[in-house]
Amino acid sequence: MANWVPLWLHRLGSPPVFYRFAGAVRPWALGLALILGAVALYGGLFVAPADYQQGDAYRIIFIHVPSAWMSLFIYGAMAVAAFVGLVWRVKLAETVAMESAPIGAAFTLITLVTGSLWGKPMWGTWWTWDARLTSELVLLFIYLGIVGLYHAFEDRRQGARAASFLVLIGAVNVPIVHFSVNWWNTLHQGATIRLLGPSHMDASMVWPLLTMMLATKCYYVASLFARVRADLLAAESGKGWVRDLALGTQERA
């Protein structure tokens, strides 16, 4: 029994096995993302009451905060995959790390844009060089740098390894983003939801926010699996399993 998990992980690391696994999981993840996202938006826009200070302007939180969480969560997942790829030379881990970067960059951009839209009525300005905003902007540049470095090499493996080192170096910015409101005097508000201790939000506001958090994670899985499947087909185009897959697709068509 002790060897079951390593054997399962080793088998899942096989490109054809992961391709089939991702193909089976992706529709469910995407469906859950759409359902949970719709429920969260309904709860946030129509069920949750207006904030006593910010009025209805605060409702952008149901997009902004989950996107901010995902910008850090994806980078953490990407750093783990990059570490596994560098240490154990697992090609699939390198692929997961590289294909996570564009998704993380998209969530980071959404975070910055929605934060700017929220900041204008609250702070009176679209942008300020606040510690949280600046470190989040740096995170976007790191994401874009990883994508650019990966595609700068003709050899995909060399590009993935070089970009993986940048992923691990850039990981130092993640705790800076997270703890910036505690380490420096910033305009950005502190955490309103706590895993330990009482939250500073009403329960009618909390559940749509947590539901949207689950929706974004399901979307990340669906998007990542789609990107990894496409990458595997390109990288393994000369392998027998891809040719068999193409022949099977042609026969069914």
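Nothing here was measured: the structure is a model prediction, and the numbers come from that model. (Residues numbered from 1 in each chain as written. Predicted model: local features only at pLDDT ≥ 70, side-chain atom pairs only at ≥ 80, totals over all residues. Heavy atoms only, no water.)

**Quick look at the overall build of the chain**
Helix and strand content of the chain: nine helices and zero strands. Starting at the N terminus, the α and β elements of the chain follow one another as α-α-α-α-α-α-α-α-α. A burial count over the chain gives 42% of its 253 residues as buried. For the chain, restricting intrachain contacts to residue pairs at least 6 apart in sequence, the fraction spanning at least 24 positions comes to 74%. With an accessible surface of roughly 14100 Å², the chain has 68% of that area assigned to carbon and sulfur atoms. (Helix = DSSP H or I, 4+ residues; strand = E, 2+ residues; numbered from the N terminus. Buried < 20%, exposed > 50% of the residue type's maximum accessible area, 1.4 Å probe, protein only. Contact = heavy atoms within 4.5 Å. Areas by Shrake-Rupley, 256 points an atom, 1.4 Å probe, with all protein chains shown as cover.)

**Thoughts on the pattern of salt bridges**
Counting across every chain of the model gives seven salt bridges. In this structure, Glu94 and Arg161 form a salt bridge, with 3.8 Å as the shortest nitrogen-oxygen distance. With Glu94 in helix α4 (residues 91-123) and Arg161 in helix α6 (residues 156-170), this pair connects stretches of sequence that are 67 residues apart. A residue is classified by how much of its surface remains accessible, and Arg161, at 28% relative accessible area, is partly exposed. Put simply, Lys91, Glu236 and Lys239 are held in one network by salt bridges that share partners. (Salt bridge = Lys/Arg side-chain N within 4 Å of Asp/Glu carboxyl O.)

**Here's the deal with the UniProt feature "transmembrane region" (unreviewed entry) in the chain**
Sequence positions flagged by UniProt for "transmembrane region" (unreviewed entry) are, in local numbering, residues 28-48, 68-88, 100-119, 131-153, 165-185 and 205-226. Between the C-alpha atoms that bound residues 28-48 there is a distance of 28 Å. The span itself is 95% helix and 0% strand. (UniProt positions renumbered as here; feature names shortened; annotations may be inferred.)

**Thoughts on the environment of Met212**
Mapped onto the secondary structure, Met212 falls in helix α8 (residues 203-235). Put simply, Met212 and Ser67 are 145 residues apart on the chain and 9.2 Å apart in space, counted from C-alpha to C-alpha.

**Some points on a nonpolar patch on the surface**
Together, Ile35, Val39, Leu41, Tyr42, Leu45, Phe46, Val47, Ile63, Ile110 and Trp207 give the surface a local cluster of nonpolar side chains, amounting to about 920 Å² of exposed area. Ranked by the residues each element gives to the nonpolar patch, the list is headed by helix α2 (residues 15-47), at seven residues. Here Ile63 is to be found in helix α3 (residues 61-88). Residue Ile63 is classed as partly exposed on the basis of its relative accessible area, which comes to 31%. (Patch = residues over 30% accessible without salt bridge, like charges linked within 9 Å, V, L, I, M, F, W, Y side chains within 5 Å.)

**Some points on the side chain of Ser135**
With respect to the helices and strands, Ser135 occurs in helix α5 (residues 131-151). Among the residues examined, Ser135 registers a relative accessible area of 5% and is labelled buried. Once you skip the residues sitting within four places of it in the chain, Ser135 turns out to touch Asn173, Ile176, Val177 and Ser180.

**Considering the nonpolar core**
Counting 41 residues, the largest nonpolar core has Phe18, Tyr75, Met78, Met98, Tyr143, Ile146 and Val167 as its most contacted members. Those elements giving two or more residues to this core turn out to be α2, α3, α4, α5, α6, α7 (173-183), α8 and α9 (240-252). Residue contributions to this core peak at nine residues, all from α4. Beyond its immediate sequence surroundings of up to four residues, Met98 is in contact with Ile146, Tyr150, Ala160, Ala163, Ser164 and Val167. Within the second largest apolar cluster, 10 residues are counted, among which are Ala48, Tyr58, Met201 and Met205. (Core = buried A, V, L, I, M, F, W, Y, C linked by side-chain atoms within 4.5 Å.)

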